[in-house]
Amino acid sequence: MIIAVASLTLLSLILGLILGFADRAFAVEGNAFVGEIEAMMPGSNCGQCGFPGCSGAANAIVDGSADVTCCPPGGKALAAALAAKMGITIDLTQLKDDGPKIAVVAEEICIGCARCAKVCPTDAIIGAAKQIHNVLREACTGCNSCVEKCPTEALTLKPLPITVQHWVWPKPLAA
Amino acid sequence: MGFMDFFKSSWGVHPDDHKRPAADAAARRVPVPPRVYIPFSQHVGAPARPRVVVGQHVLKGECIAEAQGNISAPIHASTSGKVTAIGEITAPHPSGLPILAVTIDSDGDERWIGTEPIHDPFSLAPADLARKVAEAGVVGLGGATFPSAVKLALGLRSKITQLIINGSECEPYLSCDDRLMRDSPEGIIGGIRIMLHATGANEALVGIEDNKPEAIAAMRKAAAPYSEIRICPVPARYPMGSDRQLILELAGKEVPSDARAADVGVIVHNVGTAFATRQAIYEGRPLVSRLMTLNGDAMANPGNYEVLVGTMVSDLIAFSGGYKSPAARLIMGGPMMGSVIPHAHVPVVKGTAGILAFTAAELAEEEARNCIRCGSCIRACPMGLLPLEMANNIRADKLDGAEQLGLGDCISCGCCSYVCPSRIPLVQYFTHAKGQLWAQERGKLRNESTKKLAIRRTERIEREAREKAEAAAKRKADKAAAAAAAAAKKETTGA
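Residues numbered from 1 in each chain as written. Chains lettered and ligands numbered in written order. Predicted model: local features only at pLDDT ≥ 70, side-chain atom pairs only at ≥ 80, totals over all residues.

**Some thoughts on the overall build of chain A**
Logical step 1: Assigned secondary structure in chain A consists of six helices and four strands.
Logical step 2: In terms of overall size, chain A is more extended than a compact globule, its C-alpha atoms giving a radius of gyration of 25 Å where 175 residues would be expected to give roughly 16 Å.
Logical step 3: Referenced to the eigenvectors of the C-alpha coordinate spread, the extents of chain A come out at roughly 95 × 55 × 30 Å.
Logical step 4: Across the 175 residues in chain A, those meeting the buried criterion constitute 22%.
Logical step 5: Partitioning the intrachain contacts of chain A with sequence separation of at least 6 by distance along the chain shows that 53% fall at a separation of at least 24. (Helix = DSSP H or I, 4+ residues; strand = E, 2+ residues; numbered from the N terminus. Rg over C-alpha atoms; globule rule 2.2 N^0.38 Å. Buried ≥ 20, exposed ≤ 12 C-beta atoms within 10 Å, placed from the backbone. Contact = placed C-beta atoms within 7 Å.)

Written out as structure tokens, the structure is:
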């Protein structure tokens, strides 16, 4: 009996030491899960969710103070991906998602003040001062930052135009 | 059904081929239309980049748009005339969305640009031949429109042992390949010999379905002098013309799910592509016209027509003699895999194998009913998939589930929809799901690229702020130094 007690004590001592060492050696700073969530976000830090940037939103989603549906540029697709990542089920049918949107410049009222270009988080707006500006379709995330800055309301968010290359055959109506 | 039939492969379907009488009518050449509309994107890959301006006069065969990127093909003027517009026209596509195209008002002269024919292609290096074919804008004419030169150049990277030439033309109603094989077998054989040289393959197997005895006889005669080219009749069965099925039938090799034909040492080209290749090399002429079938019960004169790329479908049908009864639906390509076109005011493109005008009776549309789980679609599927299970997943928006069942291997042949007794539009579900998955993938890529842009901008702003601060500090230091120097000077002059 003494042998059994002694061996178990020794074993637990060794395992305890290993665990104690591992706790120190492999310590993780911050929540790794937040980083993973943040990597899924658009990353343009537009602030439409009401949190300070995408990292703020990721934190809020993880601690439960924000919904997975909080990101307007991410839309339905991001909400579904986040829900799957978090292991929760949400009803996406209620989520309003008009599809991806991009900013469009109304060329006849743009005065070329270049204020929009300065706030664009992805440098999607081109055009020098006193020249008509334009938005690069592929780089715009539809974050809305420029729309508020425009003094002449020349910038508006419009749905991403569908082209032949992007068109998807509609789902057949259920039998 | 005999006992041994249990062991035979059961894939595919046997639809009525409706190929005759159109296939037996002599091919006719369609005169130059007053105006041609040539889209910039007539191939798989990046659209070609325009290199003409409005008002410019172009000659037939002149390059009007150059290839852009690795997988792309240039576009050539199909007739001589004046460029009157570069703008959007309705695409020959089920969506009916606009695409960019060049409009040329033909001058009726059909004046060719100077060509550089090659008389001895076998003295050229394979890479040079592939480049020549690329410059001629040759794309896969079987319908996939993959740039042919890219496939020819594959021989340089992986070892190609067999070249398979697809003359099976398994789609019902179409007979342009049949007609081409009957009328110009020498041209096709000439193209095959060039392809053999370009890919380094040892032999070429030409698969022709046994419902085309005239074509088989003509091709056998033309191929007789060349032992490396074999004409192989294959049983008529849809989709025999799909590359994977034809490779299995002729070469006895199965292409793995995540691999391409070249990975098993085989390359497949269409007979029309072989013919276009011969023209590109021996005559130096780019691909500006092709043979296509006009068929369907609504068509007054079904047959095969040689048409310039960019001819309006309406002009083509009018030349052929119009409709004999009202057309309920227009289809570009075959009835199984072709696409519905919104109206006849769209141009024909390089990949157009035919225009079908169906009457309402011929369409015989029925409403979809519930799946009775009979499994007909499983027997018919040439890729060995479970169409009914995949469709159930897609109906419930479970695209991942469908993907796990092998949606990526679906070739959209439509056999499942064809055999379904409940008339469920199975292949439409798959087309929809593949489009959705591709859109999701594209969204992800877009997200990644915009994120990179955002990071780069943050870095730039930080750098600018740092540089500004450094410059300010430097100015301050300079000022202080100057003041100190001035003070020192004052002291010395004062003293």
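**Details of the interface of chain B and chain A**
Logical step 1: Taken residue by residue, the interface counts 26 residues in chain B and 21 residues in chain A.
Logical step 2: Of the residues assigned to the side of chain B that touches chain A, the class counts are ten nonpolar, twelve polar and four charged. (Nonpolar A, V, L, I, M, F, W, Y, C, P; charged D, E, K, R; others polar.)

**Some details on the domain arrangement of chain A**
As a measure of interface size, the accessible area lost when the parts come together is often cited.
Residue and element names in this part refer to chain A.
Logical step 1: Taken domain by domain, chain A consists of domain 1 (32-94) and domain 2 (101-159).
Logical step 2: Look at where the C-alpha atoms of domain 1 and domain 2 centre, and you get two points 26 Å apart.
Logical step 3: Facing the six residues of domain 1 at the interface are seven residues of domain 2.
Logical step 4: By residue class, the composition of the side of domain 1 that touches domain 2 is three nonpolar, three polar and no charged. (Domains from an automatic or database assignment.)

**Overview of the sheet that holds strand β6 (residues 75-76) of chain B**
Residue and element names in this part refer to chain B.
Logical step 1: The three strands are arranged β3-β5-β6 in an open sheet whose pairing can be described as antiparallel. Each having just a single partner strand, β3 (49-50) and β6 make up the two edges of the open sheet.
Logical step 2: Relative to strand β5 (residues 63-66), β3 runs antiparallel, the two being bridged by two bridges. In the strand pairing of β5, Pro50 is matched with Ala65. (Pairing = 2+ DSSP bridges.)

**Regarding the packing of helix α2 (residues 32-40) of chain A against helix α3 (residues 53-63) of chain A**
Residue and element names in this part refer to chain A.
Logical step 1: Relative to each other, α2 and α3 sit at 125°, their axes nearing to 8 Å. Relative to α3, α2 is oriented oblique. Between α2 and α3 lies a crossing of right-handed hand. Taking contact as the criterion, the partners of Phe33, Val34, Ile37 and Glu38 in α2 are, on α3, Cys54, Ser55, Ala58, Asn59, Ile61 and Val62.
Logical step 2: When grouped by side-chain class, the residues that make up the contact of α2 with α3 number seven nonpolar, two polar and one charged. (Axes fitted to C-alpha atoms, helices over the stretch in contact; angles between N-to-C directions. Parallel < 35°, antiparallel > 145°, perpendicular 65-115°, else oblique. Left-handed = near helix turned anticlockwise from the far one by under 90°.)

**Focus on helix α5 (residues 185-199) of chain B**
Logical step 1: Compared with the 21 Å implied by 1.5 Å per residue over 15 residues, the 21 Å span of α5(B) between its first and last C-alpha is a close match.
Logical step 2: Phi for B:Gly200, located one or two positions after α5(B), is positive at around 75°. (Expected span 1.5 Å × (residues − 1).)

**Some details on the nonpolar core**
Note that soluble globular proteins tend to have their nonpolar side chains buried in a common cluster.
Logical step 1: B:Ile164, B:Met219 and B:Ile355 are the most contacted members of the largest nonpolar core, which has 130 residues in total.
Logical step 2: The biggest single contributor to this core is α5(B), with seven residues.
Logical step 3: In contact with B:Ile355, not counting residues within four places along its chain, are B:Met292, B:Leu294, B:Val313, B:Leu316, B:Ile317, B:Leu330 and B:Met332.
Logical step 4: Counting 14 residues, the second-largest nonpolar core is a separate cluster that includes A:Cys120, A:Ala139, A:Cys146 and B:Leu453. (Core = buried A, V, L, I, M, F, W, Y, C linked by C-beta atoms within 7 Å.)

**Quick word on the environment of B:Tyr429**
Logical step 1: By secondary structure assignment, the location of B:Tyr429 is in helix α15 (residues 426-494).
Logical step 2: In the structure, B:Tyr429 is positioned 389 residues away from B:Phe40 in sequence and 29 Å away in space, judged by C-alpha atoms.

**A word on the pairing of strand β12 (residues 266-270) of chain B**
Residue and element names in this part refer to chain B.
Logical step 1: Counting buried residues in β12 gives five out of five residues, a clear majority hidden from the surface.
Logical step 2: Burial along β12 is two-sided: Val266, Val268 and Asn270 and Ile267 and His269, pointing in opposite directions, are all buried.
Logical step 3: As paired elements, strand β9 (residues 162-166) and β12 share five bridges and run parallel to each other. Its bridge partner being in β12, Gln162 is matched across the sheet by Val266.

**Brief notes about the sheet that holds strand β11 (residues 229-234) of chain B**
Residue and element names in this part refer to chain B.
Logical step 1: Spatially, β11-β10-β9-β12 is the arrangement adopted by the four strands of the open sheet, whose pairing is parallel. The open sheet is flanked by β11 and β12, the only strands paired with a single partner. Shown here is a sheet whose adjacent strand axes are inclined to one another by a mean of 25°, direction ignored.
Logical step 2: Here β9 runs beside strand β10 (residues 203-209); their pairing, made up of five bridges, is parallel. From the neighbouring strand, Leu163 faces β10, where its bridge partner is Ala204.

**Quick notes on helix α1 (residues 2-25) of chain A**
Logical step 1: The end-to-end C-alpha separation of α1(A) is 34 Å, in line with the 34 Å expected for 24 residues at 1.5 Å each.
Logical step 2: Of all 24 residues making up α1(A), only zero are buried, and the element is barely covered by its neighbours.

**So, the pairing of strand β15 (residues 329-332) of chain B**
Logical step 1: Direction of pairing for β15(B) relative to strand β17 (residues 354-358) of chain B: antiparallel, over a ladder of four bridges. From the neighbouring strand, B:Leu330 faces β17(B), where its bridge partner is B:Ala357.

**Considering unusual backbone geometry**
Residue and element names in this part refer to chain B.
Logical step 1: In the segment running from Arg20 into Pro21, the intervening peptide bond is cis, with an omega of 10°.
Logical step 2: Structurally, Pro21 is set in the segment before β1 (28-29).
Logical step 3: The omega torsion of the bond from Tyr238 to Pro239 falls at 0°, within 30 degrees of zero and hence cis.
Logical step 4: Along the chain, Pro239 turns up in the loop between β11 and α7 (243-250).
Logical step 5: Positive phi outside glycine occurs at Tyr173, with the angle close to 70°.
Logical step 6: As for its position among the elements, Tyr173 is in the loop between β9 and α4 (176-183).
Logical step 7: What makes Tyr173 buried here is the crowd of 26 C-beta atoms within 10 Å.
Logical step 8: Residues other than glycine seldom take positive phi values, yet Arg423 does so here, at roughly 55°.
Logical step 9: Considering the arrangement of structural elements, one finds Arg423 in the loop between α14 (415-419) and α15.
Logical step 10: We classify Arg423 as partly exposed; it has 14 C-beta atoms within 10 Å.

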